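Architecture at a glance
Each chain is listed here by its residues.
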Amino acid sequence: MSTIPKKVSLVSRIGAGVKAFAAGYGAGISTFQPYEGAGFSRKRPIIYGAHARDSKIDLNESTRTELLKLARHMYRNIGIVKGAIDSIASYSIGPGLRPQYRGTDAEFGPLAEAYWRDVIAPAPEVTGRMTWTDLLMALSRSIDIDGDVFVVLTDSGKLQVVEAHRVCEGDDYGTTDGIFLGKLGEPTAYLIEANDTYRKLASDLVIHLMEIERPDQIRGASGLSRALNHLRDLKLVTEFEKDALKVQSSIAAVITSHEGDPLANTGGFFGKIQARDAENDVAREEITSSANIPRLAPGEKIENLAPSRPGSSFEPFAKFLIRDIALGLNLPPEFVYDPASVGGAGMRFVVAKAQRRFEQRQRLLIDRFCNKAWRYFIARAIAAGDLPEVEDYDRVSWQTPKSLTVDAGREAMQAREDYKAGLSSLQDYFGELGLDWQEQIEQMDREKKFIAALTPPPAAPEPAAVSDAGQTEQNAQPEPVQTPAAPEELVANVTETLAMQAKVEVLPAKTEAFTMKDEPDYQLSDKELDMVTKAIGLKDKKKVTRKRSS
């Protein structure tokens, strides 16, 4: 595809300038600008940083580096920032994302998963300082703090983590913030700083992790970039309030007089220290205990100071800034600060929204890192002969941790009911608990067999005994201990029981009864006469006439 240079005449340039003026300064009048937000107004200052251009220009190396170093400083020094970022990593990763082979070879799966658990997970990276879970936690923090992070697939069979500040432009290497781009804007290589030298690595050896916000984005920006000014202001205001409170708390009382103190303003912040003398046993600066009884000059009095800092409006203002900090990290503000301010229903919404954020981070790590790491490690193990060769070795899923909830009992009961009704699978049920359904079924089967091996066989029935009344009685036998049923058997038993209950008609107990009719010549049978005799308490049924007289 050939490119044709665009020719712009002088008239076109002048016309473009006029249009720009109308869209800018003249747009303050609604006649010229249908979108009021795009218009100019003397009531609002011009935002000079608002541009419509490529992301690589907006987020250049100098801007990104400035955001990175400020974000790292805030993470190191502000507990709210550290707690929010660590919460994203903790709830997204938990005890670690565990691989589960989903290929067709039933024998390869347990071997590959055991190899990952025993060989790869304890030390997957070159320094040997991090386990698989530690590595995932560090990558998640770097995405939020630095904006992006890089993982190199080395020749030694280990992963190497490269932080964002080490991927940079260098000296005229032709990169865009440390990345070599192709004709279509795709990364072809990365320039990595190593001490005083640079290394150029092909793109297929580097995993670049970041949260993409724009389609043409080359590098990632810190998740704290939207709230850095709020964090700086909050940090300063908090320090000022603490200084004011300490000053107020350091003054126990103030001595006032109509004439003033001649020693005031003669040295230091609180004036010159008053010396002891024979007539004044207690200096004014030593009035710090109720046991002291100072002597006051005529017209002097002692006034106690009540600390008034921070004021009642400080916490609402600080909470407003914290809300913006949390939302910049895509977390509900109540999840980060003051969760007690929302009720039960509101807290469920907060937790559900936070869980979506954690699932988003899980998908980023799984799709862009974990699947590639599995192929990297397992392919090398197959090539080295540590694992058998399988065609679909790269078919894998990842078990995420248990979902965050504030109503575990109710949700667990609902999950069981959904499974019994056939609305969910065992994979869904155990997956919500952060467990592998196949491992759980195998464990339940082993437990069932173990209990069956410990249960003694039922004793043989003894011969029937004949009672004096001639009735045959069967000796009672102890019921055998039943082993717990597997989930499939449990569902089948429940379904069968419900079906039988729906078909069986419950009949009332058989009792003797008769119907009295209001007829003069109605004849009672002998059996009915006996029932009437017993009912009214007569001993002789002859006293009951067979005919009812009217």
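What counts, and where the lines are drawn
Residues numbered from 1 in each chain as written. Predicted model: local features only at pLDDT ≥ 70, side-chain atom pairs only at ≥ 80, totals over all residues. Heavy atoms only, no water. Helix = DSSP H or I, 4+ residues; strand = E, 2+ residues; numbered from the N terminus. Buried < 20%, exposed > 50% of the residue type's maximum accessible area, 1.4 Å probe, protein only. Contact = heavy atoms within 4.5 Å. pLDDT = per-residue confidence, 0-100. 1 Å grid on protein atoms, 1.4 Å probe; cavity = no way out; pocket = protein on both sides within 12 Å on 5 of 7 lines; lining within 4 Å. Points joined across faces, edges and corners; volume = space filled by probe spheres on them. Nonpolar A, V, L, I, M, F, W, Y, C, P; charged D, E, K, R; others polar. Polar contact = N/O pair within 3.5 Å; in protein donor to acceptor, adjacent residues only side chain to side chain. Pairing = 2+ DSSP bridges. Axes fitted to C-alpha atoms, helices over the stretch in contact; angles between N-to-C directions.

1. Quick notes on the overall build of the protein
- Along the protein, the regular secondary structure elements total 15 helices and 12 strands.
- Expressed as a percentage of the 550 residues in the protein, the buried residues total 29%.
- Sequence separation of 24 or more characterises 62% of the internal contacts of the protein that already satisfy a separation of 6 or more.

2. A closer look at the confidence of the model for the protein
- Confidence in the prediction of the protein, expressed as mean pLDDT, is 78, and 69% of residues score 70 or more.
- Here strand 12 (residues 472-473) stands out as the least confident element of the protein, with mean pLDDT 47; strand 7 (residues 206-210) is the most confident, with 97.
- The low-confidence segment residues 481-485 (pLDDT under 50) makes seven contacts with residues lying over four places distant or belonging to another chain.
- The low-confidence segment residues 501-507 (pLDDT under 50) makes zero contacts with residues lying over four places distant or belonging to another chain.

3. Some thoughts on empty space enclosed by the protein
- Scanning the entire structure with this criterion turns up two cavities of 30 Å³ or more.
- Its boundaries defined by the atoms lining it, the largest cavity holds a volume of some 40 Å³.
- Lining the largest cavity we find Lys319, Ile322, Arg323, Pro333, Glu334 and Tyr337.
- Among the elements of the structure, helix 8 (314-328) and helix 9 (333-336) are those that each provide at least two residues to the lining of the largest cavity.
- Among the elements that make up the lining of the largest cavity, the one with the highest residue count is helix 8 (three residues).
- Of the residues belonging to the lining of the largest cavity, the class tally is three nonpolar, no polar and three charged.
- Around the second largest cavity sit Val152, Gln160, Val162, Arg166, Ile192, Ala194, Arg199 and Leu201, which together line it.
- Within the residue set of the lining of the second largest cavity, elements represented by two or more residues are strand 3 (159-163), strand 5 (187-194) and strand 6 (197-202).
- Of the residues in the lining of the second largest cavity, the class split is five nonpolar, one polar and two charged.

4. Structural notes on the environment of Arg64
- Checked against the element boundaries, Arg64 lands in helix 3 (residues 61-77).
- What makes Arg64 buried here is its relative accessible area of 3%.
- Along the sequence, Arg64 and Ala221 sit 157 residues apart, while their C-alpha atoms lie 6.3 Å from each other.
- Contact partners of Arg64, with chain neighbours within four places excluded, come to Leu59, Ala164, Val167, Asp177, Arg219 and Gly220.
- In this structure the side chain of Arg64 is engaged in a polar contact, spanning 2.7 Å, whose partner is the side chain of Asp177.

5. Topic: the sheet that holds strand 3
- The antiparallel open sheet is built from three strands, whose spatial order is 3-2-7. Among the strands making up the open sheet, the edge pair consists of strand 3 and strand 7. Each adjacent strand pair in this sheet contributes to an overall mean axis angle of 25 degrees, direction not counted.
- Note: strand 2 (residues 148-153) against strand 7, five bridges, orientation antiparallel. When the sheet's bridge partners are listed, Val151 is paired in strand 7 with Ile207.
- Along the sheet, helix 6 (residues 132-145) makes contact with strand 2, strand 3 and strand 7, crossing strand 2 at roughly 140 degrees.
- The strands touched by helix 10 (residues 344-383) are strand 2, strand 3 and strand 7; relative to strand 7, the strand with the most contacts, the crossing angle is about 160 degrees.

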